[in-house]
Amino acid sequence: MPNFSYKARTAAGDLQEGVLEATDSASAADSLARDGLIPVQIQASREAVRLAESPDAGKSWFASKIRPLDIQLFSRQMYTLLKAGVPIMRALAGLQESAINPAFAGVVRKLREALDSGRELSSAMAQHPAVFNPFYLSMVRVGELTGMLDQIFLRLFDHLEFERETRAKVKSALRYPIFVVLAMVIAITVINLFVIPAFAKVYAGFHAELPFMTRLLLGTSKFFVSYWPYMLGGIILAGFMLRSYVSTADGRYSWDKWKLKIPIAGKIITKAMLARFARSFALASRSGVPVMQSLNVVADVVDNTYMAQKIRDMRAGVERGETVLRVAIAAGVFTPVVLQMIAVGEETGELDDLMQEIAEMYEREVDYELKTMSDQIEPILIIGLGVLVLILALGVFLPIWDLGRVAMKH
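Parameters at a glance
- Residues numbered from 1 in each chain as written.
- Predicted model: local features only at pLDDT ≥ 70, side-chain atom pairs only at ≥ 80, totals over all residues.
- Heavy atoms only, no water.
- Helix = DSSP H or I, 4+ residues; strand = E, 2+ residues; numbered from the N terminus.
- Buried < 20%, exposed > 50% of the residue type's maximum accessible area, 1.4 Å probe, protein only.
- Contact = heavy atoms within 4.5 Å.
- Areas by Shrake-Rupley, 256 points an atom, 1.4 Å probe, with all protein chains shown as cover.
- Axes fitted to C-alpha atoms, helices over the stretch in contact; angles between N-to-C directions.
- Parallel < 35°, antiparallel > 145°, perpendicular 65-115°, else oblique.
- Left-handed = near helix turned anticlockwise from the far one by under 90°.
- Salt bridge = Lys/Arg side-chain N within 4 Å of Asp/Glu carboxyl O.
- Core = buried A, V, L, I, M, F, W, Y, C linked by side-chain atoms within 4.5 Å.
- Expected span 1.5 Å × (residues − 1).
- Bend = angle between axes of the 7 residues up to and from the residue.
- pLDDT = per-residue confidence, 0-100.
- Phe/Tyr/Trp six-rings, centres within 6.5 Å; stacked < 30°, edge-to-face > 60°.

Caption draft 1: Summary view of the overall build of the chain. A count of helices and strands for the chain gives 16 helices and 3 strands. Expressed as a percentage of the 410 residues in the chain, the buried residues total 40%. A fraction of 60% describes how many contacts in the chain between residues 6 or more apart in sequence connect residues 24 or more apart. In the structure as shown, the chain presents an accessible area of about 23,500 Å², 62% of it carried by carbon and sulfur atoms.

Below, the structure is given as structure tokens:
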């Protein structure tokens, strides 16, 4: 029987965490309810998720993975089929047969089996937490309650499309700077391991005191040649240690908080997360999800534990009876313009529409920042490259120039 980690609240509102055994996430939720706990998050262990998503995952090293694009296309196809009046079982059967990804076809098959056993679609999806995140599940659950499941799938498709476009823009903006930095690292390594040692043999025949810059280059090169295995091992060890630290709760929180302070990239990450938060909140609110529940599920969408904690603090403030504006000010992550729009939206009862406006405003800013990101990084790269070339030129040619000047005097 697989293990499930859970987060749940007591009747008094206290958050509890733990692990329990259950046949599936729905059974785990029932077990928590019998203990008087309100489930907030239930997540299967990695092994359970791996076997659930692909029955053949344990049999093959080459099992296909489920991509975000698979879920996006599934959402669009479900909207089209349900809007056309196709019964949900027939719709899933057709999607299973036409699925290109075998792993996702296996997930759709399990959804059909769960529906055959009497479960609701949201409950069936909850058995696959690695595929359908809490926000997706909450939206589907709202669609089932309101009878607007087809419209919910359309809104989820638009939301996933925005996420996909943002990721693509970030990758495109970072491609050039990463290439330049890697080229500089490779060039420095080659110069220190092969080029400078060759010049060192020439300088040794001068029998004269070398300039400071040349001695600096020779010392750096000697250090590289003597200790490069230890340097490589240290880099690999540091990478593993950082990865292990980030995998812990405190490490992930610190890492996510530090990312927001990175020069140039930090403000883009912050604005992208706030755009994701505002769009998700507007989507949930328009679909009839209460404010407190919207904040709870949106916290899992931002993909940043620091920002998620800020949003949960906002939820706690709303539970105490504070306004959304007051908790947004206390969060300290929104600009004055956004706070003003929240105030107007809360006063007029059109908070969902104005949150959508906030999302679009941040999206435009993120789009502009991404388009100009290369222009902002390029001067830094040019200065770094220029300093490197200057040091190499002075270190390599100063001794030769000094030697030539001495020879001309004689």
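Caption draft 2: Up close: the packing of helix H3 (residues 68–83) against helix H4 (residues 88–98). Put simply, H3 and H4 touch, their axes get as near as 10 Å, and they point 140° apart. Here H4 runs oblique to H3, going by the angle between their axes. Crossing hand, H3 versus H4: right-handed. Counted together, Phe74, Gln77, Met78, Leu81 and Leu82 of H3 and Ile88, Ala91, Leu92 and Leu95 of H4 form the full contact between these two elements.

Caption draft 3: Broad picture of the environment of Met273. With respect to the helices, strands and loops of the structure, Met273 is situated in helix H11 (residues 265–286). Sequence separation between Met273 and Met307 is 34 residues; the distance between their C-alpha atoms is 8.1 Å. Beyond its immediate stretch of four places on either side in the chain, Met273 contacts Leu260, Val302, Asn304 and Met307.

Caption draft 4: Structural detail: the pattern of salt bridges. A complete count under the given rule lists 11 salt bridges for this structure. Here Arg109 and Glu113 are joined by a salt bridge, their closest N and O atoms 2.8 Å apart. Highlighted residues: Arg109 and Glu113, both in helix H5 (residues 102–116), separated by 4 residues, approximately one helical turn. Assessed through its relative accessible area of 28%, Arg109 is described here as partly exposed. What makes Glu113 partly exposed here is its relative accessible area of 41%. A salt bridge links Asp256 to Arg252, with the shortest nitrogen-to-oxygen separation between them at 3.0 Å. Of this pair, Asp256 and Arg252 both sit in helix H10 (residues 249–259), 4 residues apart, which is roughly one turn of that helix. Here Arg252 falls in the partly exposed class, since its relative accessible area comes to 29%.

Caption draft 5: Structural view of the nonpolar core. Core analysis: the largest hydrophobic core is formed by 72 residues, its most contacted members being Phe74, Met125, Phe132, Tyr136, Phe153 and Phe334. If you tally residues by element for this core, the top one is H11, at 9 residues. The residues touching Phe153, leaving out its near neighbours within four places in the chain, are Phe74, Ser75, Met78, Tyr79, Leu82, Leu121, Met125, Tyr136 and Val140. With 12 residues, the next largest nonpolar core counts Ala173, Met373, Ile377 and Leu381 among its residues.

Caption draft 6: Local environment of helix H9 (residues 212–246). End to end, H9 covers just 42 Å across 35 residues, shorter than the expected 51 Å (1.5 Å per residue, more than 12% under). For H9, the principal kink sits at Tyr227 and spans about 75°; a proline, Pro229, occurs within the next four residues. Taken as a whole, H9 has its buried residues at Thr214, Leu217, Ser221, Phe224 and Val246.

Caption draft 7: Here's a closer look at the confidence of the model for the chain. Residues with a pLDDT of 70 or more make up 89% of the chain, whose mean pLDDT is 81. Per-residue pLDDT, averaged within each element of the chain, yields its smallest value for helix H2 (residues 46–53) (46) and its largest for H3 (92).

Caption draft 8: The packing of aromatic side chains, seen in detail. Inspection of every chain in the model, using the stated rule, returns 11 aromatic pairs. Considering the side-chain rings of Phe74 and Phe153, the 6.1 Å spacing of their centres and the 90° angle between planes classify their relative orientation as edge-to-face. Of the two residues, Phe74 sits in helix H3 while Phe153 sits in helix H8 (residues 149–204), which places them 79 residues apart along the sequence. One exposure class covers both Phe74 and Phe153, and it is buried. Measuring from centroid to centroid gives 5.7 Å for Phe277 and Phe334, while their planes differ by 50°, and the two rings are tilted.

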